Amino acid sequence: MGRITLAAIRSVAMSTTYIRGGTVVSPTGSQALDVLIDGERIAALVDPELAPFGDPDRTFDRVLDASGRYVIPGGVDAHTHMEMPFGGTVASDTFETGTRAAAHGGTTTIIDFAIQRQGERVQDTLAAWHTKAAGNCAIDYGFHQILGGVDSDALKAMDELVAEGVTSFKLFMAYPGVYYSDDGQILRAMQQCASNGALTMMHAENGIAIDQLVAQHIERGETSPYYHGVSRPWELEEEATHRAIMLAKVTGAPLYVVHVSAKQAMEQIATARGRGANVFAETCPQYLYLSLEEQLGAAGFEGAKWVCSTPLRSREERHQDELWRYIRTGDVATVSTDHCPFCFKGQKEMGIDDFSKIPNGMAGVEHRIDLMYQGVVNGNLSLERWVDVCATTPARMFGLYPRKGIISPGADADVVIYDPNAHTSIGFDKTHHSNLDHSTWEGFEIDGGVQTVLSRGTVVVDRGQYLGGKGHGSYLKRGLSQYLI
Ligand SMILES: [Zn+2]
């Protein structure tokens with residue numbers, strides 16, 4: 001920031017974009033600054049009072065007016081599942097449609113999950129995910145690796161993947177017989193992470209106990225989507241979260257607990273953090289806004305749209321309010337979406353007589369920035385914390401900072417112009433770009449809206465119009481988390 005000379009700009013100029021008149025928001029503050037972009041990167045933040053050039057329209061290739069608007073780093077959604085196989089079907093968004101939806105919503109980076117299962121070679125599964133994504137993404141993307149079969153080959157493969165920029169590994173304490181790892185496997189994988197610097201991500205629910213409860217509900221004829229939530233009680237999220245924290249402590253590995261939905265699980269994480277543990281929590285908009293009673297308990301089979309795991313929690317028990325509070329205290333580090341949409345027709349309907357056959361997941365990648373901005377409107381979050389949980393901390397957590405997650409010289413020019421005076425009505429017939437036959441967020445009214453989205457200097461969305469293209473997004477080889485001890 002500060003005084004720069006026009007000559008200095010011209011000497012390096014490729015194609016220049018100047019964003020003027022806006023308020024740049026970062027985790028540490030908000031300031032009236034113009035943003036100069038040179039090619040794919042941010043070249044400078046310019047105090048508008050000190051700007052050394054005359055008419056920007058004559059000086060730069062493109063000028064974007066951000067007067068009265070926020071200029072924020074493009075969103076980093078660290079938890080998506082495009083084209084994910086689940087329960088005999090596949091998540092309906094491809095890398096092409098899902099990243100286009102993300103771009104519309106102001107997200108310019110996703111980190112998706114490659115999946116290895118028992119008996120598969122980890123490297124082969126990662127290669128398969130590269131094939132799905134390459135040439136198809138509208139925005140940049142990286143990968144985490146799911147390990148569903150931790151054995152000696154998988155453990156060795158982890159080191160190789162870290163060298164290739166896949167620096168986080170997700171394990172499941174849920175889904176026995178599918179992705180489940182037992183405590184011994186978890187311990188071994190965590191030890192490997194402790195030695196190679198990778199981050200362990202955990203789906204923390206006691207799947208062995210849950211499967212018994214599920215079978216009992218089905219046997220009693222309690223087959224509706226509501227019982228998906230009832231069969232996965234918070235006690236079994238809290239217990240698994242605690243167990244994961246203790247296993248991580250024994251191994252010395254840092255731990256990132258994905259999609260925390262129960263306030264008691266958060267209490268475990270906050271307590272561990274208070275004791276000095278390197279434990280981090282992620283939550284998702286669905287756990288902040290939706291509930292067991294209203295969505296899973298909707299009439300008929302409608303609740304299937306919101307079947308996901310961990311499940312939506314009870315509004316009466318105030319999990320949602322507590323999660324907002326934990327975002328404010330910093331114990332929730334990141335807000336991601338767990339974007340994993342399944343169509344109602346033909347996909348969710350697979351479980352019409354048995355909730356356990358409903359594919360787990362919902363859509364969110366397009367609406368996360370808007371939904372979290374409502375936290376600012378409602379007084380639950382500061383502007384700075386909004387940017388922090390949606391972009392900066394996920395970038396730091398997953399080894400993408402300072403290339404992503406911040407508007408700063410040298411960073412990729414992933415920039416969103418966000419209009420606080422806009423109004424966005426979310427709905428299938430209005431703002432909907434996912435390949436999904438309904439909107440997870442139908443009827444949500446948002447104060448604010450995404451105006452313009454740049455990905456590495458290219459305008460990919462402007463006022464609702466998609467100007468990007470598949471193949472613009474490139475693979476991000478990630479470094480190690482900046483939150484390691
Ligand atoms: Zn997930």
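Just so it is clear, the structure is predicted and the values come from calculations on it, not from any experiment.

Visitor: Account for the overall build of the protein, with residues named and values stated.
Guide: Summing up its helical and strand segments, the protein has 15 helices and 21 strands in all. A compact globule built from 485 residues should have a C-alpha radius of gyration of about 23 Å, and the protein, at 22 Å, falls within 12% of that. Considering only C-alpha atoms, the protein reaches an extent of 75 × 50 × 40 Å along its principal axes. Each of the 485 residues in the protein was classed as buried or not, and the buried ones make up 61%. Intrachain contacts of the protein at a sequence separation of at least 6 include 76% that bridge at least 24 residues. By element, 48% of the accessible surface of the protein is carried by carbon and sulfur atoms, the whole surface being about 17,100 Å². Taking the average place of the 41 positive charges on the side chains of the protein and the average place of its 59 negative ones, the gap between the two points comes to 4 Å.

Visitor: Break down helix 14 (residues 368-377) for me, citing the residues and quoting the values.
Guide: Here helix 14 lies mainly inside the structure; nine of its 10 residues are buried. Listed as buried for helix 14 are R368, I369, D370, L371, M372, Y373, Q374, G375 and V376.

Visitor: Report on the state of the cysteines, specifying residues and quantitative values.
Guide: Throughout the structure, instances matching the rule amount to zero disulfides. C390 forms no disulfide, and the closest cysteine sulfur to it belongs to C284, at a distance of 11 Å.

Visitor: Explain the coordination of the zinc ion to me, and be specific about the residues and the numbers.
Guide: Listed as protein donors to the zinc ion are H79 (NE2), H81 (NE2) and D338 (OD); their distances from the metal cover 2.1 to 2.2 Å. Binding-site remark: the zinc ion is held by donors from one chain whose sequence spacing is H-x1-H-x256-D. Take H79: its relative accessible area is 0%, and that puts it in the buried class.

Visitor: Requested: an account of the side chain of T393, with residues and values cited.
Guide: Relative to the elements of secondary structure, T393 occurs in helix 15 (residues 383-397). Aside from chain neighbours lying at most four places away, what touches T393 is A333, T334, D388 and Y483.

Visitor: Break down the pairing of strand 5 (residues 41-46) for me, citing the residues and quoting the values.
Guide: As paired strands, strand 4 (residues 34-38) and strand 5 are joined by five bridges and run antiparallel to one another. Looking at strand 5, one finds that V35 is bridged to L45. Linkage of strand 4 to strand 5, two consecutive antiparallel strands, is achieved through a turn of two residues, within which G39 is found at a positive phi near 65°.

Visitor: So what about the sheet that holds strand 6 (residues 62-65)? Which residues, and what values?
Guide: Spatial ordering of the open sheet is given by 5-4-1-6, a layout of four strands whose pairing is mixed. Among the strands making up the open sheet, the edge pair consists of strand 5 and strand 6. On average, each strand axis in the sheet is inclined to that of its neighbour by 20°, with strand direction left out of account. As judged from the four bridges shared by strand 1 (residues 16-20) and strand 6, these two strands associate in the parallel manner. Looking at the pairing, I19 lines up with L64 of strand 6.

Visitor: So, the packing of aromatic side chains: which residues are in play, and what are the values?
Guide: Overall, the coordinates contain 22 aromatic pairs when judged by the stated rule. Here Y289 and W441 contribute two aromatic rings whose centre-to-centre distance is 6.2 Å and whose plane-to-plane angle is 90°, an arrangement assigned as edge-to-face. Taken together, the residues span a long stretch of sequence, with Y289 in helix 11 (residues 285-289) and W441 in the loop between strand 18 (415-425) and strand 19 (445-455) at a distance of 152 residues. W441 matches Y289 in its accessibility class, with the two residues each being buried. Members of the aromatic cluster, each reached through a chain of ring pairs, are F86, F172, Y175, Y179 and F342. Across the ring face of Y466, the terminal group of R100 is positioned such that the distance to the ring centre comes to 6.0 Å. Above the face of the F113 ring, K170 is positioned so that its terminal group lies 4.5 Å from the ring centre.

Visitor: Run through the packing of helix 4 (residues 122-133) against helix 5 (residues 152-163), naming residues and quoting values.
Guide: At a closest axis distance of 9 Å, the pairing of helix 4 and helix 5 adopts a crossing angle of 45°. In terms of orientation, helix 4 and helix 5 fall into the oblique class. Contacts between helix 4 and helix 5 involve V122, Q123 and L126 from the former and A154, A157, E160 and L161 from the latter. Class assignment for the residues of the contact of helix 4 with helix 5 results in five nonpolar, one polar and one charged.

Visitor: Let's hear about the sheet that holds strand 20 (residues 458-462): which residues, and what values?
Guide: Think of a sheet as strands paired side by side through backbone hydrogen bonds, with each pair either parallel or antiparallel. With mixed pairing, seven strands are arranged side by side in an open sheet as 3-2-7-18-19-20-21. Each of the sheet's edge strands pairs with one partner strand only, and the pair in question is strand 3 (29-32) and strand 21 (465-466). One ladder, built from two bridges, connects strand 20 with strand 21; its direction is antiparallel. Within the sheet, the bridge partner assigned to D462 lies in strand 21 and is Q465.

Visitor: Mind laying out the pairing of strand 12 (residues 140-148), listing which residues take part and the relevant values?
Guide: Burial of strand 12 is extensive: nine of the nine residues sit out of reach of the surface. Looking at chain direction, strand 11 (residues 107-117) and strand 12 are connected through nine bridges and run parallel. Among the inter-strand pairings, T109 is bridged to a residue of strand 12, identified as D140. Regarding topology, helix 4 serves as the crossover connection from strand 11 to the parallel strand 12, and that connection is right-handed. Two elements, strand 12 and strand 13 (residues 168-172), share two bridges in a ladder whose sense is parallel. Residue I146 lies in a different strand from strand 13, and its bridge partner there is K170. Chirality of the crossover, the property in question, places the unit of strand 12, helix 5 and strand 13 among those that are right-handed.

Visitor: Account for the layout of surface pockets, naming residues and giving values.
Guide: Taken as a whole, the largest pocket holds about 560 Å³ of empty space. Elements represented by at least two residues in the lining of the largest pocket include exactly strand 9 (85-86), strand 11, helix 4 and helix 7 (207-219). With four residues, the top contributor of residues to the lining of the largest pocket is helix 7. Grouping the amino acids of the lining of the largest pocket by side-chain chemistry returns 14 nonpolar, nine polar and five charged.

Conventions and cut-offs
- Residues numbered from 1 in each chain as written.
- Predicted model: local features only at pLDDT ≥ 70, side-chain atom pairs only at ≥ 80, totals over all residues.
- Heavy atoms only, no water.
- Helix = DSSP H or I, 4+ residues; strand = E, 2+ residues; numbered from the N terminus.
- Rg over C-alpha atoms; globule rule 2.2 N^0.38 Å.
- Buried < 20%, exposed > 50% of the residue type's maximum accessible area, 1.4 Å probe, protein only.
- Contact = heavy atoms within 4.5 Å.
- Areas by Shrake-Rupley, 256 points an atom, 1.4 Å probe, with all protein chains shown as cover.
- Lys, Arg positive; Asp, Glu negative; His and termini not counted.
- Charge placed at Lys NZ, Arg CZ, Asp CG, Glu CD.
- Disulfide = S-S within 2.5 Å.
- Donors = N, O, S within 2.8 Å, 3.2 Å for Na, K, Ca; no water.
- Pairing = 2+ DSSP bridges.
- Axes fitted to C-alpha atoms, helices over the stretch in contact; angles between N-to-C directions.
- Phe/Tyr/Trp six-rings, centres within 6.5 Å; stacked < 30°, edge-to-face > 60°.
- Lys NZ or Arg CZ within 6 Å of the ring centre and 35° of its normal.
- Parallel < 35°, antiparallel > 145°, perpendicular 65-115°, else oblique.
- Nonpolar A, V, L, I, M, F, W, Y, C, P; charged D, E, K, R; others polar.
- Right-handed = clockwise from strand over helix to strand, strands pointing away.
- 1 Å grid on protein atoms, 1.4 Å probe; cavity = no way out; pocket = protein on both sides within 12 Å on 5 of 7 lines; lining within 4 Å.
- Points joined across faces, edges and corners; volume = space filled by probe spheres on them.

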